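# Summary of structural features
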Amino acid sequence: MTNIEYLSTLLSNKYILVFVAIIVSFLVSLRSYPVMILLVNRKRLLDSPVNRSMHTKRTPTLGGVIVFIIFSITLIIMALLLGLPRENLLDILAILAGTILLMSAGVKDDLIGISPKKKLIIQVFAASVVVILTDLKITHGYGIFGLEELPYIVSVLLTIFIFILVINAFNLIDGLDGLAGTIGIITSTAFGIFYFMENRTAMILVSFALVGSLMGFLKHNLSRKRKIFMGDSGSMFVGFLLAYQAISFLNYNTAEINEQAFAQAPIMAIAILSFPLLDTLRVFCIRISQKRSPFSADRNHIRHRLLDMKFTHKKASLILGFLNLLAILVALLISGLYINLQLYILIVAIPVIYSSPWLFTRKKGKLRLTVPRRIKRLITGTSGD
């Protein structure tokens, strides 16, 4: 038996595959970030603070480039060692093609800026590449509101819309040290666990290679001396991969093609992605109610409310990560109910879960319940005590 054959046999064990995918990408990223930070500092490719910025000094950006490089290297090498079928290799190539398109737009936006219209066109094109080349699309409505088999055009357009929605939702939450990395790790791990249960080797590799890459980024994103930001290049790339995982999860669990389908897959996908989706919906509603463009910048994100409560960046990220896990747990607990009832419960539960920090305030070292004022401020977007 050759060394490659031995490694392929070893990696065929799902537990070893998960461990190696995380450890390899994490360790390589730890060695890569200091080099990128040094390069960015020397070339002065720094992000300058503005009025609404969370930081007060110029900080290296383009951290997402390293996440992309480490993820891609880990994915390609391990896919070859595993001897994945040609179909899986083509899927991986399509993923890399789509992410390269997004990376090019993100890097340009980080360095010199790019118009929202051009960015949207590139996002649509990247999503279309994956949908067309891999035939990945949502074909079934799971019985939600009576929807069953979806027409081809509707299926394609819906899939592309979900890609665009998740990419931009994740991009919008990247404004706090540690937040994008924490939510990315949680969501990718959650999807990876389901892929593990379904024995989907290629998707296990995608999920946990991303987890390891983000763990390395998170260490430096939370660092005081060697801090680096993800940038639009990273947030769009990670958002794209999370959208791909969500759609692949939904597509595989369509009842007609899989006897062991997870019938509540749409509910679980919503719960896993609940934080970026809710935060985006919330700020859009606030901006529209204030007769402003939904794409205008402000300090009305959920993260801003936590900072107004005097939480540090790290604590705010941990709180939101914990609440994301809580939303996933709720979805698991109600999974035995009728799917439309699950959806109604989740629509009510998710806003309540993410508004829970505002139910309390500190006074003389004690927590006191202050529901009406804080909930009103959370909804309307006003700040202050």
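Criteria and cut-off values
- Residues numbered from 1 in each chain as written.
- Predicted model: local features only at pLDDT ≥ 70, side-chain atom pairs only at ≥ 80, totals over all residues.
- Heavy atoms only, no water.
- Helix = DSSP H or I, 4+ residues; strand = E, 2+ residues; numbered from the N terminus.
- Buried < 20%, exposed > 50% of the residue type's maximum accessible area, 1.4 Å probe, protein only.
- Contact = heavy atoms within 4.5 Å.
- Areas by Shrake-Rupley, 256 points an atom, 1.4 Å probe, with all protein chains shown as cover.
- Salt bridge = Lys/Arg side-chain N within 4 Å of Asp/Glu carboxyl O.
- Expected span 1.5 Å × (residues − 1).
- 1 Å grid on protein atoms, 1.4 Å probe; cavity = no way out; pocket = protein on both sides within 12 Å on 5 of 7 lines; lining within 4 Å.
- Points joined across faces, edges and corners; volume = space filled by probe spheres on them.
- Nonpolar A, V, L, I, M, F, W, Y, C, P; charged D, E, K, R; others polar.
- Axes fitted to C-alpha atoms, helices over the stretch in contact; angles between N-to-C directions.
- Parallel < 35°, antiparallel > 145°, perpendicular 65-115°, else oblique.
- Left-handed = near helix turned anticlockwise from the far one by under 90°.
- Phe/Tyr/Trp six-rings, centres within 6.5 Å; stacked < 30°, edge-to-face > 60°.
- Lys NZ or Arg CZ within 6 Å of the ring centre and 35° of its normal.
- Core = buried A, V, L, I, M, F, W, Y, C linked by side-chain atoms within 4.5 Å.
- pLDDT = per-residue confidence, 0-100.
- Patch = residues over 30% accessible without salt bridge, like charges linked within 9 Å, V, L, I, M, F, W, Y side chains within 5 Å.

On to the overall build of the chain, then. Across its full length, the chain holds 15 helices and 4 strands. Burial analysis of the chain (385 residues in total) assigns 54% to the buried set. Taking as baseline every contact in the chain between residues at least 6 positions apart, the subset at least 24 positions apart corresponds to 71%. Of the roughly 18,800 Å² that the chain leaves accessible, carbon and sulfur atoms contribute 67%.

Let us now look at the side chain of S233. Among the secondary structure elements, S233 is positioned in helix α9 (residues 231-252). The contact partners of S233, leaving out residues within four places of it in the chain, are L62, G64, V65, M103, G106, V107 and D110.

Attention now goes to the pattern of salt bridges. Scanning all chains against the criterion turns up 5 salt bridges. Among the ionic pairs, K119 bridges to D109, the shortest N-O distance being 2.8 Å. With K119 in helix α5 (residues 116-134) and D109 in helix α4 (residues 86-111), this pair connects stretches of sequence that are 10 residues apart. Members of the salt-bridge network, linked through shared partners, are D109, K119 and D232.

A few words now on helix α8 (residues 201-221). Here α8 is 21 residues long and its end C-alpha atoms lie 30 Å apart, about the 30 Å a rise of 1.5 Å per residue gives. Within α8, 18 of the 21 residues are buried, which leaves the element mostly enclosed by the surrounding structure.

For the rest of this paragraph, the subject is the layout of surface pockets. Considering only enclosed or pocket space, the second largest pocket measures out at about 930 Å³ in volume. Mapped onto the lining of the second largest pocket, the elements with two or more residues apiece are α6 (152-173), α9, α10 (265-272), α11 (274-289) and α14 (339-355). Classifying every residue of the lining of the second largest pocket by side-chain character gives 26 nonpolar, 4 polar and no charged.

Mapped onto the elements, L82 comes out in helix α3 (residues 63-82). The spacing of L82 and L10 is 72 residues in sequence and 8.9 Å in space, taken between C-alpha atoms.

This part takes up the packing of α3 against α4. With their axes 11 Å apart at the nearest point, α3 and α4 run at an angle of 170 degrees to one another. Classified by the interaxial angle, the pair formed by α3 and α4 is roughly antiparallel. The interaxial crossing formed by α3 with α4 has left-handed handedness. Residues G64, V65, F68, S72, L75, I76 and A79 of α3 form the contact with α4, whose own contacting residues are L89, I92, L96, T99, I100, M103 and V107. Residues belonging to the contact of α3 with α4 are distributed by class as follows: 11 nonpolar, 3 polar and no charged.

This model, assessed by the stated rule, comprises 8 aromatic pairs. Ring pairs connect the aromatic residues F68, F71 and F237, which therefore count as one cluster. We note K14 situated over the ring of F196; from NZ or CZ to the ring centre the distance is 4.2 Å.

The topology assignment puts L318 in helix α13 (residues 313-333). Here the alpha-carbon distance between L318 and T182, two residues 136 residues apart in the chain, equals 7.5 Å.

Membership of the largest hydrophobic core comes to 112 residues, with the highest contact counts inside it found for F163, L210, F237 and Y354. When neighbours within four sequence positions are excluded, F163 is seen to be in contact with A127, V130, V131, F240, A243, Y244 and I247.

Moving on, we come to unusual backbone geometry. Of note, the phi angle at D135 is positive, near 55 degrees, even though the residue is not glycine. Assignment of secondary structure puts D135 in the loop between α5 and α6. Given the relative accessible area of 47%, D135 is considered partly exposed. Here the phi dihedral of N199 falls at roughly 60 degrees; this positive angle occurs in a residue that is not glycine. Within the element layout of this structure, N199 appears in the loop between α7 (179-197) and α8.

Let us now look at the packing of α11 against α14. Describing two packed helices takes the angle between their axes plus the distance from one axis to the other. In contact at an axis separation of 11 Å, α11 and α14 are set at 85 degrees when each is read in the N-to-C sense. The orientation of α11 relative to α14 falls into the category roughly perpendicular. Of the residues in α14, those in contact with S274, F275 and L278 of α11 are I350, P351 and Y354. Along the lines of polarity and charge, the residues of the contact of α11 with α14 split into 5 nonpolar, 1 polar and no charged.

Take the confidence of the model for the chain next. Should the pLDDT be low somewhere, the predicted coordinates at that spot are not to be read in detail. Per-residue pLDDT for the chain averages 84, and the proportion of residues at 70 or more is 86%. Within the chain, no element has a lower average pLDDT than strand β3 (residues 360-363), which sits at 51, and none a higher one than α7, at 95.

With that settled, the discussion passes to a nonpolar patch on the surface. Taken together, the side chains of F145, L147, L337, Y338, L341, Y344, I347, V348 and V352 define a hydrophobic patch exposed on the protein surface, amounting to about 920 Å² of accessible area. Note on placement: L147 falls in the loop between α5 and α6.

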